[in-house]
Amino acid sequence: MTDISEMSDGNILLVFRLEGEAFGVSVSYVHEILDRERPTMVPNADAFSPGLINVRGSVVPLVDVRLRLGMGPAQATENARMIVLEHEIKDVKTKLAFEADAVEEVFEVNMSDVEPVPELGASWPQVYLLGAIRREDELIILLDPDTLFSPNPSFAAA
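Being a predicted model, the structure only gives us computed values, none of them experimental.

## Structural notes on the environment of Ser26
And then number 1: Within the secondary structure layout, Ser26 lies in strand 2 (residues 21–26).
And then number 2: Along the backbone, Ser26 and Asn11 are 15 residues apart, and their C-alpha atoms lie at a distance of 7.2 Å.
And then number 3: At 2.8 Å, the side chain of Ser26 forms a polar contact with the side chain of Ser28.

Written as C-alpha cells, this is what we have:
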C-alpha cells in the first residue's frame, strides 16, 4: 500500500468523477489525459483489463477501475476522458489507462489533512483507498494506485 507521506508530488492531486463521486490520484502517476476512445477488446481477457487503447503509437491496457470499486459500467458521455498513468507493476514501469466520467481539476492539498475513510458507510473496498480529503462541502476519495492497479488477485474485492 502507498504511504501518503512518501508520495512524490503527493500534495498535487488530479480530481476526476466516477458515478458522480469525486476521486483523486497524485499527479506523479498521471502521464496524460485523452478524449474518450473506443478500446480494442481482447478476447478472453480478464474483466479487470478487457481491452487496449493506442496512446501515441503505444499499446496501453485499459483497466476497469469501476469493477474494482464495485461500480456499474461506464456510460459514454461528452465529458468522459481516458486517464493514462505510468505506474510500477512488478518493478516494471507500465502505462495503463482507465476511463473517468469527467476530469475536473488539479489542485494542491496538505497531505496531513487526509482522513481515513470509515469502513462503515464506505461504498468502496478499503484496500483501494488511501483516505479522503475535504474540499469545500465535498469529500475527495484518494485512490491507492499500488492496490487499485495491481493485477494481483489477492487485492481483488470480495
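## Concerning the sheet that holds strand 2
And then number 1: Pairing is mixed in the open sheet, where five strands are placed in the order 9-1-2-11-10. Strands with a single pairing partner mark the edges of an open sheet, and in this sheet they are strand 9 (102–108) and strand 10 (129–135). Ignoring which end each strand starts from, the neighbouring axes of this sheet average 30° apart.
And then number 2: Relative to strand 9, strand 1 (residues 12–18) runs antiparallel, the two being bridged by six bridges. By the bridge assignment, Arg17 is partnered in strand 9 with Ala102.

Rules and cut-offs
- Residues numbered from 1 in each chain as written.
- Predicted model: local features only at pLDDT ≥ 70, side-chain atom pairs only at ≥ 80, totals over all residues.
- Heavy atoms only, no water.
- Helix = DSSP H or I, 4+ residues; strand = E, 2+ residues; numbered from the N terminus.
- Polar contact = N/O pair within 3.5 Å; in protein donor to acceptor, adjacent residues only side chain to side chain.
- Pairing = 2+ DSSP bridges.
- Axes fitted to C-alpha atoms, helices over the stretch in contact; angles between N-to-C directions.

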